[in-house]
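Each chain is listed here by its residues.
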Amino acid sequence: MRTLLRGGTVVTATDQLRADVLVEDRRILALQQDLEATADQEFDVSGTLVLPGLVDSHTHLAMPTMGTVTADDFASGTEAAAAGGTTTIIDFALQTDGSLRRGLAAWEERADGMAHIDYGFHLAITEATPDAIAEMADVVADGVTSFKIFMAFKGSFMADDEQLLRVLRRTRETGGLVQVHAENGDAIEVNITEALARGETSPFAHATTRPTSTEQEATARAVHLARWAKRPIFVVHVSSADAAREIQAARDEGVPVYGETCTHYLTLTEDELARPGFEGAKYVCSPPLRSHADHEVLWSALRQRALQICTTDHCPFTFCGQKQLGEDDFSKIPNGLPTIEHRLPLLFQHGVRAGRLSVSDLVAVASTNPARMFGLERKGAIAPGFDADIVVLDPEKSLTINAQAQHMAVDYTPFEGWECRGAAALVFSRGELIFDGTEVLSQPGRGEYVPRSFGDFGPGEITRL
Ligand SMILES: [Zn+2]
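As a starting point, this report considers the structure included with it. What you see is a predicted model; the values in this text were computed from it and never measured.

Cut-offs applied
- Residues numbered from 1 in each chain as written.
- Predicted model: local features only at pLDDT ≥ 70, side-chain atom pairs only at ≥ 80, totals over all residues.
- Heavy atoms only, no water.
- Helix = DSSP H or I, 4+ residues; strand = E, 2+ residues; numbered from the N terminus.
- Rg over C-alpha atoms; globule rule 2.2 N^0.38 Å.
- Buried < 20%, exposed > 50% of the residue type's maximum accessible area, 1.4 Å probe, protein only.
- Contact = heavy atoms within 4.5 Å.
- Lys, Arg positive; Asp, Glu negative; His and termini not counted.
- Charge placed at Lys NZ, Arg CZ, Asp CG, Glu CD.
- Donors = N, O, S within 2.8 Å, 3.2 Å for Na, K, Ca; no water.
- 1 Å grid on protein atoms, 1.4 Å probe; cavity = no way out; pocket = protein on both sides within 12 Å on 5 of 7 lines; lining within 4 Å.
- Points joined across faces, edges and corners; volume = space filled by probe spheres on them.
- Nonpolar A, V, L, I, M, F, W, Y, C, P; charged D, E, K, R; others polar.
- Pairing = 2+ DSSP bridges.
- Axes fitted to C-alpha atoms, helices over the stretch in contact; angles between N-to-C directions.
- Polar contact = N/O pair within 3.5 Å; in protein donor to acceptor, adjacent residues only side chain to side chain.
- Right-handed = clockwise from strand over helix to strand, strands pointing away.
- Parallel < 35°, antiparallel > 145°, perpendicular 65-115°, else oblique.
- Left-handed = near helix turned anticlockwise from the far one by under 90°.
- Patch = residues over 30% accessible without salt bridge, like charges linked within 9 Å, V, L, I, M, F, W, Y side chains within 5 Å.
- Areas by Shrake-Rupley, 256 points an atom, 1.4 Å probe, with all protein chains shown as cover.
- Salt bridge = Lys/Arg side-chain N within 4 Å of Asp/Glu carboxyl O.

### Considerations on the overall build of the chain
Next up, step 1: Within the chain, the regular secondary structure consists of 12 helices and 20 strands.
Next up, step 2: Against the compact-globule benchmark of 23 Å for 465 residues, the chain has a radius of gyration of 21 Å, which places it among compact chains.
Next up, step 3: Dimensions along the principal axes, computed over C-alpha positions, put the chain at roughly 70 × 50 × 40 Å.
Next up, step 4: Evaluated residue by residue, the chain yields a buried proportion of 62% over its 465 residues.
Next up, step 5: Contacts spanning at least 24 positions in sequence make up 77% of the contacts within the chain whose residues lie at least 6 apart.
Next up, step 6: Seen as two clouds, the 41 positive and the 66 negative side-chain charges of the chain have centres 5 Å apart.

Structure below.
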């Protein structure tokens with residue numbers, strides 16, 4: 001089966017070129033201006049931008065947390081991803097019953113027969129026991145080449161510095177990249193207890209109990225621990241200028257520190273948490289939303305590659321029933337936002353159209369960099385031999401984000417009514433048209449598990465960028 005995309009502008013992480021793209025079965029076969037070839041199907045994509053399918057390396061589908069489970073399973077979550085031009089996700093499996101292997105098995109089962117698009121897993125280590133540390137090699141052998149440690153959420157996910165250091169050191173033997181959720185969980189716990197004692201129970205207290213300094217301090221500490229371990233580290237969901245500057249400063253010294261931010265930290269502010277009634281709960285995520293000044297620093301960090309990736313940290317909960325668990329106590333509001341579907345139009349509108357990113361920057365931070373850094377060897381580029389994961393972006397297509405029209409299984413969107421110009425017109429996954437601009441055409445179960453290589457993060461000491 002051959003498919004030809006004619007007349008578009010192919011965008012890579014570094015430049016743009018007018019080229020037709022020829023796909024054979026699962027792979028990209030050729031890429032050339034005025035390509036002379038025949039195909040079983042042809043699409044006229046003139047006037048559009050042809051991008052590699054987006055990679056979302058930070059999602060939480062069907063994840064048990066805070067007494068509930070995230071609202072999207074692997075079917076609805078990946079269907080929404082497909083509609084938004086994302087063709088690969090890396091979801092966070094959690095250590096389960098003390099075991100990394102059991103955690104991986106549990107997530108494999110959740111995804112099996114459900115996913116519309118390809119997927120991999122990170123493994124979040126919530127209790128770095130000697131057994132768990134030993135098992136790191138087992139999951140690496142199964143293609144899980146990245147881990148995560150939470151420096152926050154005391155009493156549930158949080159691991160202490162000793163555990164983080166041991167996990168970092170272990171990757172000298174196993175290879176792989178350690179990611180951290182960088183907030184000072186002890187300080188936040190004290191802040192929450194005191195706020196509740198003062199009678200502050202509403203969603204806005206979520207922001208005031210997690211000031212940027214709690215993120216900055218944990219980020220700096222993580223950098224030190226990585227230095228001592230002589231291993232690289234990756235800071236997930238950087239939300240503040242203060243934390244971004246810690247990463248930039250370490251990188252200026254050549255320390256191998258990497259990081260991501262997320263769509264919502266580039267576009268929404270903590271003012272949303274002060275909405276009347278309990279509406280602010282719709283915007284509760286950790287770290288919390290920050291300020292416009294933080295947005296500009298984060299955009300600039302992406303542009304300059306101090307942060308290399310923009311993910312969604314999709315962690316969806318319904319407002320009715322789930323967010324409402326915290327109606328009398330903000331600390332019981334499930335943390336997370338439904339965002340997997342709208343990264344491309346938001347980055348295009350508020351990044352590219354606003355002059356903050358080039359289209360190549362968008363491709364780099366939302367596709368090429370996550371694919372390369374997380375060892376997805378056939379993803380993240382439009383080049384011969386790569387998987388034919390392709391998004392045809394119509395820069396003139398209007399999209400008004402609204403909960404009624406979205407594919408995510410939640411009853412709201414934090415971007416209700418936002419207008420974007422530029423959205424996915426066609427989405428291909430391994431050569432198969434899975435979104436035609438209106439409907440998701442694929443069935444659950446067509447997505448495949450993708451074992452990952454080490455990328456740049458093999459075993460041994462790594463002390464330089
Ligand atoms: Zn997350």
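Still more to cover.
### Digging into the coordination of the zinc ion
Next up, step 1: Surrounding the zinc ion are the protein donor atoms H58 (NE2), H60 (NE2) and D313 (OD), which sit 2.0 to 2.2 Å from the metal.
Next up, step 2: Between consecutive donors of the zinc ion, the numbers of intervening residues give the motif H-x1-H-x252-D. Taken as a pair, H60 in the loop between β8 (54–59) and β9 (64–65) and D313 in the loop between β17 (309–311) and α11 (343–352) lie far apart in primary sequence, 253 residues in all.

### Quick look at the layout of surface pockets
Next up, step 1: By volume, the largest pocket is sized at about 610 Å³.
Next up, step 2: Lining the largest pocket are 33 residues, and of these M66, F153, S156, F157 and N335 lie nearest its centre.
Next up, step 3: In terms of residue count, the dominant contributor to the lining of the largest pocket is helix α5 (residues 185–197) (4 residues).
Next up, step 4: In the lining of the largest pocket, the residues fall into 14 nonpolar, 14 polar and 5 charged.

### So, the sheet that holds strand β6 (residues 41–44)
Next up, step 1: Strand order across the open sheet formed by 4 strands is β5-β4-β1-β6, with mixed pairing between neighbours. Two strands in the sheet have a free side with no partner beyond their single neighbour: β5 (27–32) and β6. Here the average twist between neighbouring strands, direction ignored, is 15 degrees.
Next up, step 2: Note: strand β4 (residues 20–24) against β5, 5 bridges, orientation antiparallel. Across the sheet, residue D20 finds its bridge partner in β5, namely Q32.

### Brief notes about the side chain of R452
Next up, step 1: By the secondary structure assignment, R452 is in the segment after β20 (432–435).
Next up, step 2: In this structure the side chain of R452 is engaged in a polar contact, spanning 3.0 Å, whose partner is the backbone oxygen of F374.
Next up, step 3: Excluding residues that lie within four positions of it along the chain, R452 makes contacts with I90, F121, H122, G143, V144, T145, S146, F374, G375 and L376.

### Side note on the environment of V223
Next up, step 1: With respect to the helices and strands, the residue V223 is situated in helix α7 (residues 212–229).
Next up, step 2: In this structure V223 comes out as buried when scored by relative accessible area, which is 7%.
Next up, step 3: Linking V223 and G53, residues 170 residues apart in sequence, is a C-alpha distance of 31 Å.
Next up, step 4: When neighbours within four sequence positions are excluded, V223 is seen to be in contact with A250, V255 and V257.

### Regarding the pairing of strand β13 (residues 146–150)
Next up, step 1: Judged by how many residues are buried, β13 sits mostly within the fold: 5 of 5 residues are covered.
Next up, step 2: By the alternation rule, side chains of β13 split into S146, K148 and F150 and F147 and I149, which are all buried.
Next up, step 3: The parallel pair strand β12 (residues 118–124) and β13, bridged by helix α3 (residues 130–141), forms a crossover whose chirality is right-handed.
Next up, step 4: Across 5 bridges, β13 lies against strand β14 (residues 177–181) in parallel orientation. What sits directly across from I149, in β14, is V180.

### A closer look at the packing of α11 against helix α12 (residues 359–373)
Next up, step 1: Where α11 meets α12, the axes come as close as 10 Å, and the angle between the chain directions of the two elements is 140 degrees. One way to sum up the angle between α11 and α12 is to call them oblique. Considering only the axes of α11 and α12, their crossing is right-handed. Two secondary-structure elements touch here, α11 through R343, L344, L347, F348 and V352 and α12 through V359, L362 and A366.

### Comments concerning a negative patch on the surface
Next up, step 1: Taken together, the side chains of E108, E109, D112 and D142 define an acidic patch exposed on the protein surface.
Next up, step 2: Along the chain, the position of E108 falls in helix α2 (residues 100–111).
Next up, step 3: When its relative accessible area of 33% is taken as the criterion, E108 is described as partly exposed.

### Digging into the side chain of S442
Next up, step 1: Of note, S442 is situated in the segment after β20.
Next up, step 2: For S442, a relative accessible area of 4% gives the class buried.
Next up, step 3: One polar contact links S442 to H116, side chain to side chain, over a distance of 2.8 Å.
Next up, step 4: Non-local contacts of S442, meaning those with residues more than four positions away in its chain, are made with H116 and I434.

### A few points about the sheet that holds strand β18 (residues 390–400)
Next up, step 1: Pairing is mixed in the open sheet, where 6 strands are placed in the order β3-β2-β7-β18-β19-β20. Strands with a single pairing partner mark the edges of an open sheet, and in this sheet they are β3 (16–18) and β20. Each strand of the sheet is rotated relative to its neighbour by a mean of 35 degrees, with strand direction disregarded.
Next up, step 2: Direction of pairing for β18 relative to strand β19 (residues 419–429): antiparallel, over a ladder of 8 bridges. Of the residues in β19, the one forming a bridge with V392 is L426.
Next up, step 3: Running over the sheet, α11 touches β7 (49–52), β18 and β19 and is turned about 135 degrees from β19.

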